[in-house]
Amino acid sequence: VYLLVKSEDTARGANWLIFAAGLTHGFAIHLRLYPLLFSPAYYLCLSTRLTRSARDLLRQLLFPSYRQLLFVVGTCIALFAFTGFFYSLYGWQYIYEAYLYHFVRRDVRHNFSLYFLLQYLSGNVTESSLVEKLLILAPQLGLLLYLSFSFGQFRQTLTFCVFALAFVMVTYKSVVTSQYFVWYLALLPLCLNNLQAISLSRAFVYFGTWLLGQALWLLPAYLLEFKTWNTFYWIGAQGVLFFLINSYLLMRLIEHYSFTSFKVNFKKLF
């Protein structure tokens, strides 16, 4: 993100910064698969024109700008080079464990996910139905595309776009544990200067509501794990509540977001 934003303010060497951003992005995807979903936002922010329709998007995909092409080439070089190297060391097992496993993973242990109870009740089913997969993926993909088009086209709003994308990915995941909160909490500091419309008291209310949602989930989780109470349906209900809380908070953050002070504050941050 830093390299892409800096390239907009740099006349000489901008293309090298974009190529370096592609290399960095490819390496990030190699390490963790989820940054792949940031790619549409990165791609759109390098466009020379606004994308207002599906026709505009198709035109960009078929006829990318020079900078978009540089970014894609850099991403592919880094991703295939690192992945190819480790494939040469460990073979097909590496590809499965690093990438493919995430598409077939099922975890019926209690977690924050909206879909926990569904997975628990169908724990003996080895493969999810096509309808179930569509119900889980369609809302998430729709939101990711909407946010990429809304905030990804402008480098002034790119940091908030990446934060919002990570927030949606975690909120809609079929398995959500506390470690996944780092995905978006690590990006939140980049957006704080653009959320100044939120008063300090309201910010504490939002943060307290987010913590309260976790605490209400942790109570039945504790009773299940340490007291062996049958609280699976309780945990499922709290998962729904936590999902609603996260959805509400994302709406409020989008509502209060402002990008007028982005450039100067981003420069100060680095």
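Look up a bit, the structure's there.
In what follows, the accompanying structure is described. All residue numbers here refer to positions counted from 1 along the written sequence of the relevant chain. Predicted model: local features are reported for residues with pLDDT of at least 70 only, side-chain atom pairs are reported and counted for 80 or more only, and whole-chain, interface and lining totals are derived from all residues. Hydrogens are left out, water is left out, and the side-chain values use all remaining heavy atoms of the structure.

1. So, the layout of surface pockets
- When its volume is computed, the largest pocket comes out at roughly 1100 Å³.
- Cavity means a closed set of points on a 1 Å grid over the protein atoms alone, one where a 1.4 Å probe fits but cannot get out, pocket means an open set with protein on both sides within 12 Å along at least 5 of 7 lines, and lining means a residue has an atom within 4 Å of a point. Contributing to the lining of the largest pocket are 31 residues, with His 102, Phe 103, Leu 137, Lys 173 and Ser 174 lying nearest its centre.
- Each helix is a run of DSSP H or I of at least 4 residues and each strand a run of E of at least 2, with the numbering of both proceeding from the N terminus. For the lining of the largest pocket, the secondary-structure elements that each account for two or more residues are helix H2 (14–31), helix H6 (92–104) and helix H8 (130–151).
- The biggest single contributor to the lining of the largest pocket is H8, with six residues.
- Under the grouping applied here, Gly and all other residues not named as nonpolar or charged are polar, the nonpolar ones being Ala, Val, Leu, Ile, Met, Phe, Trp, Tyr, Cys and Pro and the charged ones Asp, Glu, Lys and Arg. Across the lining of the largest pocket, the residue classes tally to 17 nonpolar, seven polar and seven charged.
- Classifying every residue of the lining of the second largest pocket gives 16 nonpolar, two polar and no charged. Grid points are joined across faces, edges and corners, and a volume is the space filled by probe spheres set on the points.

2. Points about a nonpolar patch on the surface
- Taken together, the side chains of Tyr 87, Trp 92, Tyr 96, Leu 100, Tyr 101, Phe 103 and Val 104 define a hydrophobic patch exposed on the protein surface, amounting to about 750 Å² of accessible area.
- It is H6 that contributes the most residues to the nonpolar patch, six residues altogether.
- As for its placement among the helices and strands, Tyr 101 is situated in helix H6.
- Type-normalised accessible area, obtained with a 1.4 Å probe on protein chains alone, sets the label of each residue: buried when under 20%, exposed when over 50%, and partly exposed for intermediate values. With relative accessibility at 33%, the residue Tyr 101 sits in the partly exposed group. A patch is a set of surface residues, each over 30% in relative accessible area and not in a salt bridge, joined within 9 Å for like charges and within 5 Å for the nonpolar side chains Val, Leu, Ile, Met, Phe, Trp and Tyr. Here the Shrake-Rupley method, with its probe set to 1.4 Å, supplies the accessible areas, and only the displayed protein chains count as covering residues. For this document, the term salt bridge refers to a Lys or Arg side-chain nitrogen within 4 Å of an Asp or Glu carboxyl oxygen.

3. So, the pattern of salt bridges
- A full pass over the atoms with the stated rule returns one salt bridge.
- For Arg 252, the salt bridge identified is with Glu 255, shortest N-O distance 3.0 Å. A residue pair is termed a helical-turn pair when its members lie 3 or 4 positions apart in one helix, as Arg 252 and Glu 255 do in helix H12 (residues 232–256) at three residues.

4. Here we look at the packing of helix H9 (residues 158–171) against H12
- As a rule, the C-alpha atoms of each element are fitted with a line to give its axis, helices using only the stretch in contact, and angles between N-to-C directions run from 0 to 180 degrees. Packing of H9 against H12 brings their axes to within 10 Å, and their N-to-C directions diverge by 170°. Considering their axes alone, H9 and H12 lie roughly antiparallel with respect to each other. As H9 runs across H12, the sense of the crossing is left-handed. Taken together, the residues of H12 that come into contact with H9 (itself represented by Phe 160, Phe 163, Ala 164, Phe 167, Val 168 and Thr 171) are Phe 243, Asn 246, Leu 250, Leu 253 and Ile 254.
- Its residues assigned to classes, the contact of H9 with H12 comprises nine nonpolar, two polar and no charged. Oblique is the label for any angle not covered by the other classes, which are roughly parallel (under 35 degrees), roughly antiparallel (over 145) and roughly perpendicular (65 to 115). Note on convention: near helix rotated counterclockwise from far helix by under a right angle means a left-handed crossing. Clockwise means right-handed. In what follows, a contact means two residues having at least one pair of non-hydrogen atoms within 4.5 Å.

5. Examining empty space enclosed by the protein
- If you walk through the whole model with that rule in mind, you get two cavities of 30 Å³ or more.
- The calculated volume of the largest cavity comes to roughly 60 Å³.
- Elements that contribute at least two residues to the lining of the largest cavity include exactly H9, helix H10 (181–185) and H12.
- Top element by residues in the lining of the largest cavity is H12. It accounts for four residues.
- For the lining of the largest cavity, a count of residues per class yields eight nonpolar, four polar and no charged.

6. Quick look at the environment of Tyr 233
- Structurally, the position occupied by Tyr 233 is in helix H12.
- Residue Tyr 233 is classed as exposed on the basis of its relative accessible area of 56%.
- Considering only alpha carbons, one finds Tyr 233 and Tyr 120, 113 residues apart in sequence, at a separation of 9.8 Å.
- Aside from chain neighbours lying at most four places away, what touches Tyr 233 is Leu 117 and Leu 121.

7. Looking at unusual backbone geometry
- One non-glycine residue with positive phi stands out, namely Thr 228, at about 55°.
- The exposed category is assigned to Thr 228, whose relative accessible area is 68%.

8. Considering helix H5 (residues 66–90)
- Here, expected helix span is obtained from the residue count minus one, scaled by 1.5 Å. With 25 residues, H5 should cover 36 Å at 1.5 Å per step; its first-to-last C-alpha distance of 36 Å lies within 8% of that length.
- When we look at burial in H5, the residues that qualify are Gln 68, Leu 70, Phe 71, Gly 74, Thr 75, Ala 78, Leu 79 and Thr 83.
- Directly beyond the C-terminal end of H5, a positive phi value near 75° is found at Gly 91.

9. Some points on helix H11 (residues 200–227)
- With 28 residues, H11 extends 39 Å between its outermost C-alpha atoms, agreeing within 8% with the 40 Å of an ideal straight helix rising 1.5 Å per residue.
- Contacts made by the buried residues of H11 are with H10 and H12.
- Of the residues trailing H11, Thr 228 is marked for its positive phi of about 55°.

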